[in-house]
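One-letter residues, chain by chain:
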Amino acid sequence: MGIPASPKAAGAAARSGLKQRVVTALVLVPLLLAAMFLLPNIAWALLMTVPAAIGALEWGKLAGYQRRGNTAFAVAVTATCLCFIALAAFAPSLAAITASVTVLLYVIALLFWAIAAPLWLFRGWRATQPLLLGVVGWIVLVPAWLAIVSLQNAPRYLLAALFAVWIADIAAYFAGRRFGRRKLAAQISPGKTWEGVAGAFVAVVIYALLASFVLQPSANAYDRGGMLIFFLALTVLGIVGDLFESWIKRGAGAKDSGTLLPGHGGVLDRVDSLTAALPFAALYFLPALW
């Protein structure tokens, strides 16, 4: 048995981890924003295929795949992304079919995150079937990739969705550290608290009210209320995505999905909330994208 860390040592470790997170974010976020606003959509899609492929490799490890199985799953996810890119670039006559398939995948993802994933967490299911875990991993990654690619056609809407998820995550972290008492899901992620959730909702409400005036300056009160509900729903989905990935990691006996990003863990650790939130955001903003 190891010697428990003192509160002072634990606090120092937390501060060190936070510093690493901030430094990594300060490097990556400006690069991400520059690419989001400056790259043509095909180039953006190719760029986003890289984290999708890395996320697939991380998912394969969490699912317990051996090397060949892990590679096969990553190839399947990457090939799906490249097929959509090829269809957009070389088969414009199939645009209507591609769009229909894209919307269908958004709906499947929304149903998974709104119904299947919460039920999965509530029941405490521990999936061990390789095929089931592969299908779930594909649903987690591919619709989210499609969403971030589609939303880049109207980057201000993509930015609004990203900010909502990031603000909720940051507010939950600090509210939980300052006021956290009651555990949200102790068996899944002991660090998350109901007070952190409350902090996330307060921050997102303020953000949503401000964002509604930027995104829809001439909207009426009804439309602003609709956007507020949208951002709150986005926050709920983000929390579900975070908890679901934590549950998969717990089943795999892993603290992080990977070690690629200093202070952040792996790609899945950083996009867990986004994988659940972005397909819904793409559906909501669909009229502005097409």
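Just so you know, these numbers come straight off a predicted model, no measurement behind them.

**Student:** So what's going on with the side chain of Ser257? Which residues, and what values?
**Tutor:** Looking at the secondary structure, you find Ser257 in the loop between α8 (221-252) and α9 (267-284). Residue classification places Ser257 among the buried residues on the basis of a relative accessible area of 7%. A distance of 2.9 Å separates a polar atom in the side chain of Ser257 from a polar atom in the side chain of Glu58. If near-sequence neighbours (up to four positions away) are discounted, Ser257 is found in contact with Glu58, Leu62, Glu245, Lys249, Gly266, Val267, Leu268 and Asp269.

**Student:** Can you lay out the pattern of salt bridges for me, pointing to particular residues and giving the numbers?
**Tutor:** For side chains of opposite charge, pairing can occur when their charged atoms come near one another. With the rule as written, the count across this model stands at 5 salt bridges. A salt bridge links Lys192 to Asp242; the shortest N-O distance between them is 3.3 Å. Taken together, the residues span a long stretch of sequence, with Lys192 in the loop between α6 (155-179) and α7 (194-215) and Asp242 in helix α8 at a distance of 50 residues. With a relative accessible area of 23%, Lys192 lands in the partly exposed category.

**Student:** Would you mind going over the environment of Lys192 in detail, with residue names and values included?
**Tutor:** Taking the C-alpha atoms as reference points, Lys192 and Arg177, 15 residues apart in sequence, are found 9.2 Å from one another. Once residues within four sequence positions are removed from consideration, Lys192 is found in contact with Arg182, Lys183, Leu184, Ala185, Asp242, Leu243 and Ser246.

**Student:** Could you give an account of the side chain of Gln152, with specific residues and numbers?
**Tutor:** Within the fold, Gln152 resides in the loop between α5 (130-151) and α6. A relative accessible area of 6% means that Gln152 is categorised as buried. A polar atom in the side chain of Gln152 sits 2.9 Å from the backbone oxygen of Met36. Here the side chain of Gln152 touches Asn41 through a polar contact of 2.8 Å, side chain to side chain. Aside from chain neighbours lying at most four places away, what touches Gln152 is Ala35, Met36, Leu39, Pro40, Asn41, Trp44 and Leu158.

Rules behind the numbers
Residues numbered from 1 in each chain as written. Predicted model: local features only at pLDDT ≥ 70, side-chain atom pairs only at ≥ 80, totals over all residues. Heavy atoms only, no water. Helix = DSSP H or I, 4+ residues; strand = E, 2+ residues; numbered from the N terminus. Buried < 20%, exposed > 50% of the residue type's maximum accessible area, 1.4 Å probe, protein only. Polar contact = N/O pair within 3.5 Å; in protein donor to acceptor, adjacent residues only side chain to side chain. Contact = heavy atoms within 4.5 Å. Salt bridge = Lys/Arg side-chain N within 4 Å of Asp/Glu carboxyl O.

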